[in-house]
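# Remarks on the overall topology
Take a look at the letters that make up each chain.
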Amino acid sequence: MRKTERYPVEGANSLWHIYKTVPFFKVIKNFTIIQLARYTPFLGMKNWLYRTLLRMEVGQQTAFALMVMVDIMFPERIRVGRNTVIGYNTTILAHEYLIDEYRLGDVTIGNEVLIGANTTILPGITIGDQAVVSAGTLVHKNVPAGTFVGGNPMKVIYTKEEMDERKESDSVINGPQDA
């Protein structure tokens, strides 16, 4: 289940209350930095921008592919572990504006996680270490460590135990892989 904080609004829908929830100049600054990061081919520079200017927690050797879109309003609520790959055009949200409320939630992506291209991760999600998220997935609930998930709605394709078994059988068939 997603873990989000809920804030009710009255009158117009919650998006009309946007600058009561986040300062205008923060949005402009974040938008500019995120757009620069989306198009730069330099992984180290992207991580520096995210860590230093957006206050995201980003682990060493993590790779954000081209066009990844992190949350403009609350990027500081996103944490990504070490040696993780975030695929092309993935969106990571830490907020959602609804008709009568808005919600905020931390997003935690573990170590050595693979997120496929064109994935959307909703607020309040935790993706465990060594999980694999198939391309085009809507991540609307937590993903246990080592699990392979995919689809819309997201479903478990292989559990951690099944993934370990597959890796073991691949190793037997193909021989040990040198690092």
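Calculation notes
Residues numbered from 1 in each chain as written. Predicted model: local features only at pLDDT ≥ 70, side-chain atom pairs only at ≥ 80, totals over all residues. Heavy atoms only, no water. Phe/Tyr/Trp six-rings, centres within 6.5 Å; stacked < 30°, edge-to-face > 60°. Buried < 20%, exposed > 50% of the residue type's maximum accessible area, 1.4 Å probe, protein only. Helix = DSSP H or I, 4+ residues; strand = E, 2+ residues; numbered from the N terminus. Contact = heavy atoms within 4.5 Å. Pairing = 2+ DSSP bridges.

For the rest of this paragraph, the subject is the packing of aromatic side chains. In total, this model carries 6 aromatic pairs according to the counting rule given. Between the aromatic rings of Tyr19 and Phe24, the centroid separation amounts to 5.3 Å while the plane-to-plane angle is 75°, which identifies the pairing as edge-to-face. Of the residues examined, Phe24 reaches a relative accessible area of 39% and is grouped as partly exposed. Taken together through their ring pairs, the aromatic side chains of Tyr7, Tyr97 and Tyr102 make up a single cluster.

Let us look at the side chain of Arg103. Mapped onto the secondary structure, Arg103 falls in strand β9 (residues 101-104). For Arg103, a relative accessible area of 18% puts it in the buried group. Setting aside residues no more than four positions away along its own chain, Arg103 makes contact with Arg2, Thr4, Glu5, Arg6, Ala94, His95, Glu96 and Leu98.

Looking now at the sheet that holds strand β7 (residues 91-92). The 4 strands lie next to each other as β4-β7-β12-β15, forming an open sheet whose pairing is parallel. Two strands in the sheet have a free side with no partner beyond their single neighbour: β4 (69-70) and β15 (138-139). The pairing of strand β12 (residues 120-121) with β15 spans 2 bridges and is parallel. Bridge pairing in β15 links Thr120 to Leu138.

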